[in-house]
Amino acid sequence: MAITAASPHSLADLGFPNPGSVHWNLSAAQLVEQATARNEAILASNGALVATTGFHTGRSPKDKFLVRTAQNASRIAWGKINQPIEQQVFDRFRARQSAYLQGREVFVLDAWAGADPAHRLPIRVITEYAWHALFAMQLFRRMTPQEQAASRPAFTVISTPKFEADPAVDGLRSKTAILVDLEGGLILIAGTEYAGEIKKSIFGVLNYLLPQQGVFPMHCSANIGAAGDVAIFFGLSGTGKTTLSADPERRLIGDDEHGWGDSGVFNFEGGCYAKCINLSHKFEPQIWNAIRFGSVVENVVVDPVMRVPDYTDASLTENTRAAYPLDFIENAVPEGVGGQPKAILLLSADAFGVLPPISMLTPEQAAYYFLSGYTSKLAGTEIGLGDKPEPDFSLCFGAPFFPLPATVYSRMFRDKIAQHHARVYLVNTGWSGGPYGVGQRISLPHTRAMVRAAISGALEKVETWTDPIFGLHVPTSCPGVPSAVLRPRDTWQDGAAYDQQARELAKKFAENFTKFPDADPDVRQAGPRSA
């Protein structure tokens, strides 16, 4: 066995007594060299490492399973999202994966998950791809060499893209497997090259552990202003969470995963994982400039000669991504921590074109829309979608990543808002003047202006009107935004068509909320009215 970096550790305790070369805690430059030498990826003209992920260009939620034990059987919200497997199934698969790794070259990273020293988790990532190790290095929080030498991981991720599950042998659904043993501190990933599985598997672990420590885990981005005013942004993929938090006028705490504890907000990660589709220097200069040497780019088409990335090309997938360390963002917060948030923005890309572009929420409405986690799926972006947009409700704006019952998180959210007097807004980053295909996407400059006004508190001084269907409190004016934009019905040519579409969406909200029979009564009453 050859070890290419000094380490006092062994992989024998994980069932690898005879691995091949073990590359332990290599630098970014070394991992780039390894990835290109092994033909895993290529260098683009901007210096980024570009990899393709084959069949899997996104997560495989139907192939994720949690080991059910006596300790967690009554705590986890079992179902289609948190699918159970028994310990013997996990152990059998682990033995087969370990046998596969015997004599094979692997890359190992020791890192932290969580910026708050009181709550951070030591983790280890073992993978057969150098570019996966670089991805993990840039997204998790880095340990010092001294910390790495002393590290004893609480959780280990073993990722083997080339090793596939055998449903007949393993008792699993397909050739892809993401198996999580929460009590044993071990995550097994196989049959997928999509690196996001590594990142999100640890996020799920933190969402299980941290509520037990009084920390509210969040699928959100966060930034901070010159006055120390922290803002957090909840939103599903495509709602603008990363784009809006990467504001040149504010410092970025993080773009995707955070905890809210007694000391304030802290980043779970040490990097960003930004969508690249239609990325432009004009509208997203911070993200554009962060994609350079050391960054990992997934499934972006690159000119074969000049190696120039084409961010408009979605031929491989619309879910093109870039992973880069936080310090690649100008004016970021390297410590990854901030104080208590003053403004919370719930982002929804409403393709029905009926939600106001910004609304001020009561605490009960905040809990309702947080539990609902609404955005839209667009026609043509997924197999099986028709010619109309479909509502997408993902509890707590991140259903695939939350193992506990949704109301555990929503009540923590409500308690934190009340304790710290945070203002909450619902922001529609989707369509106006009609639904998708008829209306227009709300302009990013207008959305930025509304977000900045919300964070500064300027909207608190503005007169509001109440939407008759959604019950939302909508400002009548906002600096930098035409007043007509703030009234979605007025942007439609046919007001009656707007009313019908709004009632249809309100009905979808009500149908979805039947999933939460244990929600507080005042929260259930805070939703829209379809009649």
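Look up a bit, the structure's there.
Residues numbered from 1 in each chain as written. Predicted model: local features only at pLDDT ≥ 70, side-chain atom pairs only at ≥ 80, totals over all residues. Heavy atoms only, no water.

**Thoughts on the overall build of the protein**
In terms of regular secondary structure, the protein is built from 13 helices and 30 strands. If one aligns the C-alpha atoms of the protein with their principal axes, the spans along those axes are about 70 × 55 × 45 Å. A burial count over the protein gives 60% of its 531 residues as buried. Sequence-distant contacts in the protein: of pairs separated by 6 or more residues, those separated by 24 or more amount to 72%. (Helix = DSSP H or I, 4+ residues; strand = E, 2+ residues; numbered from the N terminus. Buried < 20%, exposed > 50% of the residue type's maximum accessible area, 1.4 Å probe, protein only. Contact = heavy atoms within 4.5 Å.)

**Overview of the nonpolar core**
Counting 108 residues, the largest nonpolar core has Ile232, Phe234, Ile344, Leu346 and Phe470 as its most contacted members. If we skip the residues at most four places from it in the chain, Phe234 touches Phe216, Met218, His219, Cys220, Lys241, Ile344, Leu345, Leu346, Leu347, Phe370, Phe397 and Phe413. Residues Val67, Phe90, Phe163 and Leu188 belong to the second largest nonpolar core, which totals 24 residues. (Core = buried A, V, L, I, M, F, W, Y, C linked by side-chain atoms within 4.5 Å.)

**Let's talk about empty space enclosed by the protein**
With the rule as written, the count across this model stands at 2 cavities of 30 Å³ or more. Put simply, the largest cavity is a space of about 40 Å³. Every residue lining the largest cavity is listed: Ala367, Leu371, Ser410, Arg411, Arg414, Ala519, Asp520 and Val523. Elements with a minimum of two residues in the lining of the largest cavity: helix H9 (363–372) and helix H10 (406–420). Across the lining of the largest cavity, the residue classes break down as 4 nonpolar, 1 polar and 3 charged. In this structure, the second largest cavity occupies an estimated 30 Å³ of space. As for the second largest cavity, its lining consists of Thr243, Ala246, Glu284, Pro285, Gln286, Ile287 and Arg448. With 3 residues, helix H8 (residues 285–290) is the largest single contributor of residues to the lining of the second largest cavity. Across the lining of the second largest cavity, the residue classes break down as 3 nonpolar, 2 polar and 2 charged. (1 Å grid on protein atoms, 1.4 Å probe; cavity = no way out; pocket = protein on both sides within 12 Å on 5 of 7 lines; lining within 4 Å. Points joined across faces, edges and corners; volume = space filled by probe spheres on them. Nonpolar A, V, L, I, M, F, W, Y, C, P; charged D, E, K, R; others polar.)

**Regarding the pattern of salt bridges**
Taken as a whole and assessed by the stated rule, the structure comprises 22 salt bridges. The partner of Arg38 in a salt bridge is Glu40, and the shortest N-O contact between them spans 2.6 Å. Look at Glu40 and you get buried, because its relative accessible area is 14%. With its nearest N and O atoms 3.5 Å apart, the salt bridge here joins Lys200 to Glu257. (Salt bridge = Lys/Arg side-chain N within 4 Å of Asp/Glu carboxyl O.)

**Focus on the pairing of strand E6 (residues 106–113)**
A large share of E6 lies buried, amounting to 8 of its 8 residues. Sheet analysis places strand E1 (residues 22–24) next to E6, joined by 3 bridges and oriented parallel. Bridged to His23 within E6 is Phe107. By the bridge criterion, 7 bridges tie E6 to strand E7 (residues 121–127) in an arrangement that is antiparallel. Paired with Trp112 across the strands is Pro122, a residue of E7. Pairing of E6 with strand E8 (residues 141–142) involves 2 bridges; the strand directions are antiparallel. The residue bridging Ala111 from the neighbouring strand is Arg142, located in E8. (Pairing = 2+ DSSP bridges.)

**Topic: the packing of aromatic side chains**
A ring pair, where both rings are aromatic, is described by two values, the distance of the centres and the angle of the planes. Going through the model one piece at a time under the given rule, you end up with 28 aromatic pairs. With centroids separated by 5.9 Å and ring planes inclined at 35 degrees, the aromatic side chains of Phe216 and Phe413 adopt a geometry described as tilted. Of the two residues, Phe216 is situated in strand E12 (residues 216–224) and Phe413 in helix H10; the sequence distance between them amounts to 197 residues. With respect to class, Phe216 is no different from Phe413; both count as buried. When the centroid spacing of 5.2 Å and the interplanar angle of 65 degrees are considered together, the rings of Phe513 and Phe516 count as edge-to-face. On the basis of relative accessible area, Phe516 is assigned to the buried category, the value being 4%. Over the face of the ring belonging to Phe401 we find Lys200, whose NZ or CZ atom lies 4.5 Å from the ring centre. (Phe/Tyr/Trp six-rings, centres within 6.5 Å; stacked < 30°, edge-to-face > 60°. Lys NZ or Arg CZ within 6 Å of the ring centre and 35° of its normal.)

**Observations concerning H10**
Within an α-helix, residues lying three or four positions from one another point in the same direction, as the helix has 3.6 residues per turn. With 15 residues, H10 should reach 21 Å at 1.5 Å per residue; the first-to-last C-alpha distance of 22 Å fits that figure. In the stretch just after H10, His421 is the one whose phi turns positive, near 55 degrees. (Expected span 1.5 Å × (residues − 1).)

**Quick word on the side chain of Ser372**
Topologically, Ser372 is positioned in helix H9. We classify Ser372 as buried; its relative accessible area is 0%. With residues near it in sequence (within four places) discarded, Ser372 still touches Phe393, Ser394, Leu395, Phe509, Asn512 and Phe513.

**Section: the side chain of Glu40**
Relative to the helices and strands, Glu40 is located in the loop between helix H1 (28–37) and strand E2 (42–43). A distance of 2.6 Å separates the side chain of Glu40 from the side chain of Arg38, its partner in a polar contact. At 3.0 Å, the side chain of Glu40 and the backbone nitrogen of Trp131 are in polar contact. Not counting the four nearest positions on each side in its chain, Glu40 is found in contact with Ala35, Ala51, Glu128, Tyr129, Ala130 and Trp131. (Polar contact = N/O pair within 3.5 Å; in protein donor to acceptor, adjacent residues only side chain to side chain.)

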